[in-house]
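Structure assessment
The primary structure of each chain is shown beneath.
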Amino acid sequence: MAIGAGETVTVRFDTHHSLTNARDWQPSAVANAVTSDETPLDRHLLPTGQDHGGASNVDALNGYVVAAAVGEAGGYAPTAAYRLSMLKQPTPVLVALQQRLLDHFGEPA
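Cut-offs and rules
- Residues numbered from 1 in each chain as written.
- Predicted model: local features only at pLDDT ≥ 70, side-chain atom pairs only at ≥ 80, totals over all residues.
- Heavy atoms only, no water.
- Helix = DSSP H or I, 4+ residues; strand = E, 2+ residues; numbered from the N terminus.
- Buried < 20%, exposed > 50% of the residue type's maximum accessible area, 1.4 Å probe, protein only.
- Expected span 1.5 Å × (residues − 1).
- Contact = heavy atoms within 4.5 Å.
- Phe/Tyr/Trp six-rings, centres within 6.5 Å; stacked < 30°, edge-to-face > 60°.

You can see Ala77 is positioned in helix H2 (residues 76-85). The buried category is assigned to Ala77, whose relative accessible area is 12%. For the pair Ala77 and His104, spaced 27 residues apart in the sequence, the C-alpha separation amounts to 8.5 Å.

Here helix H1 (residues 54-69) is 16 residues long and its end C-alpha atoms lie 22 Å apart, about the 22 Å a rise of 1.5 Å per residue gives. Within H1, the full set of buried residues consists of Ser56, Asn57, Asp59, Ala60, Leu61, Gly63, Tyr64 and Ala67. Considering only its buried residues, H1 is in contact with strand E1 (8-13), strand E2 (28-34), H2 and helix H3 (92-104). Following H1 by one or two positions, Gly71 adopts a phi angle in the positive range, close to 85°.

Before going further, it helps to spend a moment on the packing of aromatic side chains. Geometry of an aromatic ring pair is reported as the spacing of the ring centres plus the angle between the planes. Overall, the coordinates contain 2 aromatic pairs when judged by the stated rule. Pairing Tyr64 with Phe105 gives two aromatic rings, centres 6.4 Å apart and planes at 65°, and the pair type is edge-to-face. In this pair, Tyr64 is assigned in helix H1 and Phe105 in the segment after H3, connecting sequence segments 41 residues apart. Like Tyr64, the residue Phe105 is buried in the burial classification. Among the aromatic residues, ring-to-ring pairing joins Tyr64, Tyr76 and Phe105 into one connected group.

Below, the structure written as structure tokens:
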């Protein structure tokens, strides 16, 4: 993908719902990155069912927020709902956001 230097981008890392390992990884988002020839956008995705602390769970939630904002639905929704249900949030605010995303993707907890 070619993006002009100095542009602001948001990048979501996720597995496509049709892949055999789609349920194994939480998504990730890099927001408001300013592009250059040296902009690192690599991520290590959180395995589903693992917990590496609140920051990694918030990163996964951000990936789902971007997915919801761009209109991911259809085949994505069941996989997203399964993976979302595996996250453990450390605060009531994040629990509420997780529930709204579960409701959006059609699987209330």
